[in-house]
Structure formats: structure tokens, C-alpha cells
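Examining the three-dimensional arrangement
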Amino acid sequence: MRSVFRSPLRVLDDADRADVLALCAQDPVASIFVTSRVAAVGADPARLGGQLWGWCPSGRLEALCWDGANLVPVLPGGAGPAAEAALDAFATRARRSGRRCSSLVGSADAVMGLWSRLESSWGPARDVRPDQPLMAVRTPPLVAPDTAVRRATPADLDVLVPACIAMFTEEVGYSPTAGDGGATYRRRVEELVSAGRSFVRIEGSGDDRQVVFKAELGAVAPGVAQVQGVWVHPDHRGRGLAEPGMSAVVLATQAAGYPVVSLYVNDFNTRAVRAYEAVGFERVGTFATVLF
């Protein structure tokens, strides 16, 4: 009887949930994006809003890649022949599917290895950021917190959403409002506010209210939270708001049950790196991002 060939790469589903979480737990800080999604809704593509590609050469899950708005490879084993084989398989699948994502992001070795395989067919990229310090703090912050920083409420959305748009545009290089006028992006901000994962310092009153500091928890998983969207209004930079603002975010996040607070930052943003170090963040790895 003819044997049936089974590819070592397959689309994962809810039956693989425990294996996915166990794989990500090998490096919980670097893998938090995938962990947060799967812990919240499982591994079924219909609920995830994307696919998880699993690399299972021996029948056991050894690496995976999230294929959604971003392409996120997760290779906890690090470099080596097994990782190279997984990246070959992910790149083949990605070329066949065509580029649907806005970026590649994740641990630098995995992202840059994947990009080296995809650049000839997917390139050129709009920007490649190969050295983004991945940082984490596991202790109380070293700087006194800004007591004016608080969780955002729905009443803040009219001033918060423009601040988030300004931050995104400054960081990524284009506005997130393109396509649908910003409706999707606003919904994401609303979701973070509703979940208690948006932090702000707002000054002024009435029509003069203005966000001067903000940050969000972009991903949360058991024991770990990742901060994103840290921003100080340009008119208020130089006032020393970033360090105490981040201290307030760290304290509130740790008090909510996430003892490890992480983030990643562009290496060229030396002012931000120094601010995070002053709060107590230490480098624990390297991320990379390829933007389209």
C-alpha cells in the first residue's frame, strides 16, 4: 500500500492549544504576542483572525509562525539546523500565500532569517529595524511614579484617539486611519480602554484637554505584560514625564498580577532606552521589525 506523505508544516487548531502555550512558555517575554492571543481565544483560525503554522517534523510542535496582521515567527530553540528548516518551511508557505501582513516582528534571529528568505519575492520593505532591544523589569520601578497617570476611561477617547494616531504615525511613518478613516484603529483603542490596559496623563479641561503622556498594554499573558505606544506629547517633552509615567504603568501592571513588564524599543531611540533603564528595565533579548 502506498504511504501517505504528511508535511511537517500544518495549520494549528484548538487541539494544539496546550502545545502552543507550552512552546511559547520557553521564552514567555519574547513570545507574549502569540501567548496572549491563544490564551484568550484558543488556536482556532476563525477566532484568532489568522493562522498559526506549526512546524512538527517529528510529530511534536517545535516552532510556529503567526500569520495575521503581522507575521510573527516563534523559534524558542534559537539558531541551528532545526531553526533553519523551520524558517525554510515558513518562508515557502508565506511565498505561496502572498504577503497579507503589514510587518514581520519578533525575535531578531527568526525575523531576519525569515526576511532573508522572503525579501526577493516580498521586497522591498519600507523599513527594516534589525536591532530593537527587548527589555523587561521584574522588580518595583526605581523611579517614583507620576500620580497623575491613571487608567483611561471611555470619556477620554476624544482626546486619546488623536494622541494614539499621532504616536503611531510618528513611530511607523504612516497614519493608521488609511483605508477606513480610522474606524478599525479607534475600535482597538476602545478595546484597550475597556480592558483597563490604557494609561494616560491628561492636562487641561473642557475643550483644552490634552494627553501629555500615554502607554498601553498591547499584550498580556500569565505573569507577563508588554507595554506599547509609549508617547509624550511633543510640546511636553523635556519635562521629565516619561520616567515617572512609565513607573506608574509598571506599578499598576504589577499590582494587576503581571510581575514581569516588558517592551521593545528602537535602538536609535537612545533617549527612550535611557528612560526605560532609569525605571529599572534591563535588556533581555533583541527584536527586529520589517515594515511594509
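See above for the structure.
A few points on the structure. (Residues numbered from 1 in each chain as written. Predicted model: local features only at pLDDT ≥ 70, side-chain atom pairs only at ≥ 80, totals over all residues. Heavy atoms only, no water.)

1. Looking at the overall build of the protein chain
Across its full length, the protein chain carries 9 helices and 12 strands. Expected size for 292 residues packed as a compact globule is a radius of gyration near 19 Å; at 20 Å, the protein chain falls within 12% of this value. Seen along its three principal axes, the alpha-carbon backbone of the protein chain occupies a region of about 80 × 40 × 35 Å. Counting all 292 residues of the protein chain, 48% fall into the buried class. Sequence-distant contacts in the protein chain: of pairs separated by 6 or more residues, those separated by 24 or more amount to 70%. Looking at the protein chain as shown, the accessible area adds up to about 13800 Å², and 52% of this sits on carbon and sulfur atoms. (Helix = DSSP H or I, 4+ residues; strand = E, 2+ residues; numbered from the N terminus. Rg over C-alpha atoms; globule rule 2.2 N^0.38 Å. Buried < 20%, exposed > 50% of the residue type's maximum accessible area, 1.4 Å probe, protein only. Contact = heavy atoms within 4.5 Å. Areas by Shrake-Rupley, 256 points an atom, 1.4 Å probe, with all protein chains shown as cover.)

2. A few points about the layout of surface pockets
There is about 400 Å³ of room inside the second largest pocket. Looking at the second largest pocket, it is lined by 26 residues, and the ones nearest its centre are Leu75, Ser107, Ala108, Asp109 and Ala110. Elements that contribute at least two residues to the lining of the second largest pocket include exactly strand E4 (70–74), helix H4 (81–97), strand E5 (103–107), helix H5 (108–122) and strand E12 (282–291). Across the lining of the second largest pocket, the residue classes tally to 15 nonpolar, 8 polar and 3 charged. (1 Å grid on protein atoms, 1.4 Å probe; cavity = no way out; pocket = protein on both sides within 12 Å on 5 of 7 lines; lining within 4 Å. Points joined across faces, edges and corners; volume = space filled by probe spheres on them. Nonpolar A, V, L, I, M, F, W, Y, C, P; charged D, E, K, R; others polar.)

3. A closer look at the sheet that holds strand E11 (residues 260–264)
Strand order in the open sheet formed by 12 strands is E1-E2-E3-E4-E5-E12-E6-E11-E10-E9-E8-E7, with mixed pairing between adjacent strands. The open sheet has two edge strands with one neighbour each: strand E1 (9–11) and strand E7 (150–151). Here strand E9 (residues 210–221) runs beside strand E10 (residues 224–232); their pairing, made up of 7 bridges, is antiparallel. Residue pairing in the sheet places Ala221 in a bridge with Val224 of E10. Sheet strands in contact with helix H8 (residues 242–255) are strand E6 (127–137), E7, strand E8 (198–203), E9, E10 and E11, and its direction is about 35° off that of E9. (Pairing = 2+ DSSP bridges. Axes fitted to C-alpha atoms, helices over the stretch in contact; angles between N-to-C directions.)

4. Section: the pattern of salt bridges
All told, the structure shown has 19 salt bridges when counted by the stated rule. For Glu216, the salt bridge goes to Lys214, with nearest N and O atoms at 2.9 Å. No difference in accessibility class separates Glu216 from Lys214, as the two residues are buried. Residues joined by salt bridges that share partners form a network here, namely Asp146, Arg201, Glu203 and Arg239. (Salt bridge = Lys/Arg side-chain N within 4 Å of Asp/Glu carboxyl O.)

5. A word on the side chain of Arg117
On the secondary structure map, Arg117 appears in helix H5. Its relative accessible area of 17% is what places Arg117 among the buried residues. Within polar-contact distance, the side chain of Arg117 engages the side chain of Glu84 at 2.5 Å. Beyond its immediate stretch of four places on either side in the chain, Arg117 contacts Glu84, Leu87, Asp88, Ala91 and Arg95. (Polar contact = N/O pair within 3.5 Å; in protein donor to acceptor, adjacent residues only side chain to side chain.)

6. Structural notes on the packing of H4 against H5
At a minimum axis distance of 9 Å, the contact between H4 and H5 shows a crossing angle of 35°. In this structure, the crossing between H4 and H5 has a hand that is right-handed. When H4 is examined against H5, the residues Glu84, Leu87, Asp88, Phe90, Ala91, Ala94 and Arg95 are found in contact with a partner set consisting of Ala110, Gly113, Leu114, Arg117, Leu118, Ser121 and Trp122. Residues that form the contact of H4 with H5 fall into these classes: 8 nonpolar, 2 polar and 4 charged. (Left-handed = near helix turned anticlockwise from the far one by under 90°.)

7. Observations regarding the environment of Ala30
Looking at the secondary structure, you find Ala30 in the loop between helix H1 (17–24) and helix H2 (32–41). By relative accessible area, Ala30 is classed as buried at 15%. Along the chain, Ala30 and His236 lie 206 residues apart, while their C-alpha atoms are 32 Å from each other. Ignoring anything within four residues of it in the chain, the contact list for Ala30 reads Ser107, Leu134 and Phe287.

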